[in-house]
Structures are given as structure tokens and as C-alpha cells.
Amino acid sequence: MCVELSSRRDSCNSQANSKWLDAHYDPVASLYTFSSCVALADLHGDGDYKLVVGNLGPTGHEMKLKVYQGMGLLSENALPDLPASVAAFLMEQHEPRMPAVAVASGPYIYVYKNLRPYFKFTLPPMEPNPMEKEVWEQAKEWLLATRPAFSCNG
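Summary of the structure given here. (Residues numbered from 1 in each chain as written. Predicted model: local features only at pLDDT ≥ 70, side-chain atom pairs only at ≥ 80, totals over all residues. Heavy atoms only, no water.)

Digging into the overall build of the protein
On a plain count of helices and strands, the protein comes out with three helices and eight strands. Across the protein, helices and strands are ordered from the amino to the carboxyl terminus as α-β-β-β-β-β-β-β-β-α-α. The buried share of the protein, taken over its 154 residues, is 23%. A separation threshold of at least 6 residues defines the contact pool for the protein, and within that pool the share at least 24 residues apart is 28%. Per element, the accessible surface of the protein, about 11700 Å² overall, is 57% carbon and sulfur. (Helix = DSSP H or I, 4+ residues; strand = E, 2+ residues; numbered from the N terminus. Buried < 20%, exposed > 50% of the residue type's maximum accessible area, 1.4 Å probe, protein only. Contact = heavy atoms within 4.5 Å. Areas by Shrake-Rupley, 256 points an atom, 1.4 Å probe, with all protein chains shown as cover.)

Describing the pattern of salt bridges
One pass over the structure, following the stated rule, counts five salt bridges. Close ionic contact of Asp-46 with Lys-50 constitutes a salt bridge, the shortest N to O distance being 3.6 Å. With a relative accessible area of 1%, Lys-50 lands in the buried category. Residue Lys-66 is joined to Glu-76 by a salt bridge in which the shortest nitrogen-to-oxygen separation is 3.6 Å. Within this pair, whereas Lys-66 is found in strand β3 (residues 64-69), its partner Glu-76 is found in strand β4 (residues 72-78), the two being separated by ten residues in sequence. According to the relative accessible area criterion, Lys-66 is buried, its value standing at 11%. Ionic contacts of the salt-bridge type, sharing partners, join the residues Asp-46, Asp-48 and Lys-50 into one network. (Salt bridge = Lys/Arg side-chain N within 4 Å of Asp/Glu carboxyl O.)

Some points on unusual backbone geometry
Keep in mind that most residues, glycine aside, have a negative phi and that most peptide bonds are trans. The phi dihedral of Asn-114 falls on the positive side, at around 55°, and the residue is not glycine. In this structure, Asn-114 sits in the loop between β7 (108-113) and β8 (116-122). Given a relative accessible area of 42%, Asn-114 falls into the partly exposed group. Notably, Leu-115 is not glycine yet its phi reads approximately 65°, a positive angle. Looking at the secondary structure, you find Leu-115 in the loop between β7 and β8. Classification of Leu-115 as buried rests on a relative accessible area of 16%.

Quick notes on the packing of aromatic side chains
The way to describe two aromatic rings as a pair is by their centre distance and the angle between their planes. In the structure shown here, the tally under the stated rule is one aromatic pair. A ring pair is formed by Tyr-108 and Tyr-110, whose centres lie 5.9 Å apart and whose planes are at 45°; its orientation type is tilted. The class of Tyr-108 is partly exposed, set by a relative accessible area of 27%. Lying over the aromatic face of Tyr-108, Lys-120 brings its terminal NZ or CZ to 4.4 Å of the ring centre. (Phe/Tyr/Trp six-rings, centres within 6.5 Å; stacked < 30°, edge-to-face > 60°. Lys NZ or Arg CZ within 6 Å of the ring centre and 35° of its normal.)

Comments concerning the sheet that holds strand β5 (residues 85-89)
Reading across from one edge, β5-β6-β7-β8 is the order of the four strands in this open sheet, with antiparallel pairing throughout. Here the strands that pair on one side only, and so sit at the sheet edges, are β5 and β8. For this sheet, the mean inter-axis angle between neighbouring strands, taken without regard to orientation, is 25°. Here six bridges tie β7 to β8, and the two strands are oriented antiparallel to one another. In the sheet register, Ile-109 faces β8, and the bridge partner there is Phe-121. (Pairing = 2+ DSSP bridges. Axes fitted to C-alpha atoms, helices over the stretch in contact; angles between N-to-C directions.)

Take a look at the structure:
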């Protein structure tokens, strides 16, 4: 809803002519996340897609997996560590095909089925690339300028 004040008339007209829909704007929603930690999924197989968010929390110590249906919070689960990514995937072949939610965090992938913890997969350790390890060691010791350390040109 636009308030027709003389100072805001231009912004209201631009919103009315915009191709984009502002479905909801809440500056105090308190969601702290990355784009890789957001997914849409039909979690119950009913055709109603929910917003799944790996929330970091305001201090980075209150991590939660939040599920929103419409404008309201449907579910909230505590996460043991900072989420790096969230994805919905189908793990069963029979009907009804309801997705599970995978949350990548540290060396683990946590799988939630029916919005409850289901499985924790531990990734095998990997040796870092020796050249990359050397660059990071030099950057840590301030022996290398930060620009070449982060350059994609080698």
C-alpha cells in the first residue's frame, strides 16, 4: 500500500509500474542467512511449497533450521553448527514423494525427514591442494599481498 504524499508520489508510481511483486517486507524478521541456505520445497507432498532457511542467528551462535508456510513460521529446529548450504531432495521412489532437507555444516551433512532429524553423514577428510595450502600459509604469515592470494588469474 502506498501513501500518497507529495514526497513519496514518485516512489508509489514506480512501484505500481514495476514488474516485480513485493510480496512481503519485514525489516525485523531477524533472518541472518546466505542465499545458499535458502530453499523452496513441497515438504508434505501437498503441492504447497514452504520456504526452508538455514538461519545463522544474530550472533552466529543461535543456528536454526526454520520453515515458513505463507507468512508464518511452521517449524524450527536447532542446528549444531553454522549452516553452509540447504537443499531439498527426494530420497524415496514410492508415492507420495516427499523431499527431505539436507543441511551442510562443517564436515557433516544433516538430513531432516518430515522436519525431524533423520541422519548425519560425515564427509571423508580430504587433503587440500598443495599449491592452495602454500598460498594460504603465506597469506596467514602476511608474506603475500592479499590481492594475489584471492586472484583467480593464478
